[in-house]
Amino acid sequence: KNSDGNTKDIILLFKKIFNNRKINILHPCAKNISMELENYFYNQGSNYNKLPIYEVKKQCSSNKGFRDYLESSHNLITIYSSRTALSFVETIKRLNLEKFCKNKIIFALSSKISDHLSDLNFKKIYIPDFPSERSLIEVVRNFKKGWKLKKKNETKNANFIDLDKEEFKKKKGFLKYFF
């Protein structure tokens, strides 16, 4: 089962699997996580033990390397987490590199992650139909193969496109694409 790493999704997955049974839980995690899980399991009655085993710190090891890539003709960028997306946007703004985003294509692990990128004007943002590393890699592979994407007809969700019908029949799954 995949919870997309989101606290609310983890709680829903727990309810689905365990039907709110009271169990013992050991949660190896980062030092700086929210209290939401701890509070939920406390109120639910389970024995929840948070075990911080690492610390997450924002850092840009090379402003020059970051700037050089954004200013270059290289245009593909993968984003695997919400924290990475937030730091990425913050660094772009801090270095005043917003104007270089219009030529960059982003591959984000999920729509929740892509939401954090909405402050900037990227050329395109692709997300897989399922939020997993394997799915994201498949989206990048298919993009590199040159799959033709076609805009959907006017619908409520006209802000995404999928493969044309012939390509969809040949390939499994589809790509979502946000403007």
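Anything mentioned here points back to the structure above.
I will try to describe carefully the structure that is included in this document. (Residues numbered from 1 in each chain as written. Predicted model: local features only at pLDDT ≥ 70, side-chain atom pairs only at ≥ 80, totals over all residues. Heavy atoms only, no water.)

**Looking at the packing of aromatic side chains**
When we look at a pair of aromatic rings, we describe it by the centre distance and by the angle of the planes. Applicable threshold: Ring pairs shown here join Phe, Tyr and Trp side chains whose ring centres sit within 6.5 Å, with only the six-membered ring taken for Trp; geometry is labelled stacked below 30 degrees between planes, edge-to-face above 60, and tilted in between. Numbering of helices and strands runs from the N terminus, with a helix taken as a DSSP run of H or I at least four residues long and a strand as a DSSP run of E at least two residues long. The buried label applies to any residue whose accessible area, calculated with a 1.4 Å probe on protein chains only, is under 20% of its type's maximum; exposed applies above 50%, and partly exposed to all values in between.
As enumerated under the stated definition, the model contains 10 aromatic pairs in all. Both rings, one in F88 and one in F122, keep their centres 6.2 Å apart while their planes meet at 15°; by these two values the pair is stacked. Here F122 lies in the loop between α5 (111–115) and β5 (124–128) and F88 lies in helix α4 (residues 82–94), a separation of 34 residues in the sequence. Like F88, the residue F122 is buried in the burial classification. What links up through ring pairs into an aromatic cluster is the set F14, F18, Y40, F41 and Y48.

**Overview of the pattern of salt bridges**
Worth spelling out the cut-off: What makes a salt bridge here is a side-chain nitrogen of Lys or Arg within 4 Å of a carboxyl oxygen of Asp or Glu, nothing more.
Under the definition given, this model contains 7 salt bridges. The partner of E55 in a salt bridge is K31, and the shortest N-O contact between them spans 3.9 Å. Of this pair, E55 sits in the loop between β2 (47–54) and α3 (63–71) while K31 sits in the loop between β1 (24–30) and α2 (36–44), placing them 24 residues apart in sequence. Taking the relative accessible area as the measure of exposure, E55 reaches 45% and is therefore partly exposed. On the basis of relative accessibility, which here comes to 54%, the residue K31 falls in the exposed class. When the shortest N-O distance is used, the salt bridge between R141 and E138 registers 3.3 Å. In this pair, R141 and E138 both sit in helix α6 (residues 133–144), 3 residues apart, roughly one turn of the helix. On the accessibility criterion, R141 (48% relative accessible area) is partly exposed. Exposure remark for E138: the relative accessible area of 33% places this residue in the partly exposed category.

**Digging into the packing of α3 against α4**
Using the following cut-off: Only the contacting stretch of a helix is used when fitting its axis, a line to C-alpha atoms as for every element, and angles between N-to-C directions run 0 to 180 degrees. Just so you know how the angles are binned, under 35 degrees is roughly parallel, over 145 roughly antiparallel, 65 to 115 roughly perpendicular, and the rest oblique. The criterion used for residue contact is that any of the two residues' heavy atoms lie within 4.5 Å. All amino acids are sorted into three groups, where Ala, Val, Leu, Ile, Met, Phe, Trp, Tyr, Cys and Pro are nonpolar, Asp, Glu, Lys and Arg are charged, and the leftover types, Gly among them, are polar.
The interhelical angle for the contact between α3 and α4, taken along N-to-C directions, is 90°, at an axis separation of 11 Å. Classed by the angle they form, the pair α3 and α4 counts as roughly perpendicular. Residue-level contacts link N63, F66 and L70 of α3 to F88, T91, I92 and R94 of α4. Taken together, the residues of the contact of α3 with α4 break down into 4 nonpolar, 2 polar and 1 charged.

**Topic: the packing of helix α1 (residues 7–18) against α2**
The test is simple: Rotating anticlockwise by less than a right angle from the far helix to the near helix defines a left-handed crossing, while the corresponding clockwise rotation defines a right-handed one.
At a minimum axis separation of 10 Å, α1 and α2 run at an interaxial angle of 30°. Classed by the angle they form, the pair α1 and α2 counts as roughly parallel. Handedness of the crossing formed by α1 with α2: right-handed. Here α1 contributes T7, K8, I10, I11, F14 and K15 to the contact with α2, which in turn contributes E36, L37, Y40, F41 and Q44. For the contact of α1 with α2, a count of residues per class yields 6 nonpolar, 2 polar and 3 charged.

**Regarding the pairing of strand β4 (residues 105–108)**
Keep this limit in mind: Strands qualify as paired when DSSP identifies two bridges or more between them. For the handedness criterion, the strands are oriented away from the viewer, and a crossover whose path from the first strand over the helix to the second runs clockwise is classed as right-handed.
Side chains I105 and F107 of β4 all project onto a buried face; the interleaved residues I106 and A108 project onto the opposite face, where all are buried too. As judged from the 4 bridges shared by strand β3 (residues 76–79) and β4, these two strands associate in the parallel manner. Bridge assignment links I77 to a residue of β4, and that residue is I106. Note on the crossover from β3 through α4 to β4: the handedness is right-handed.

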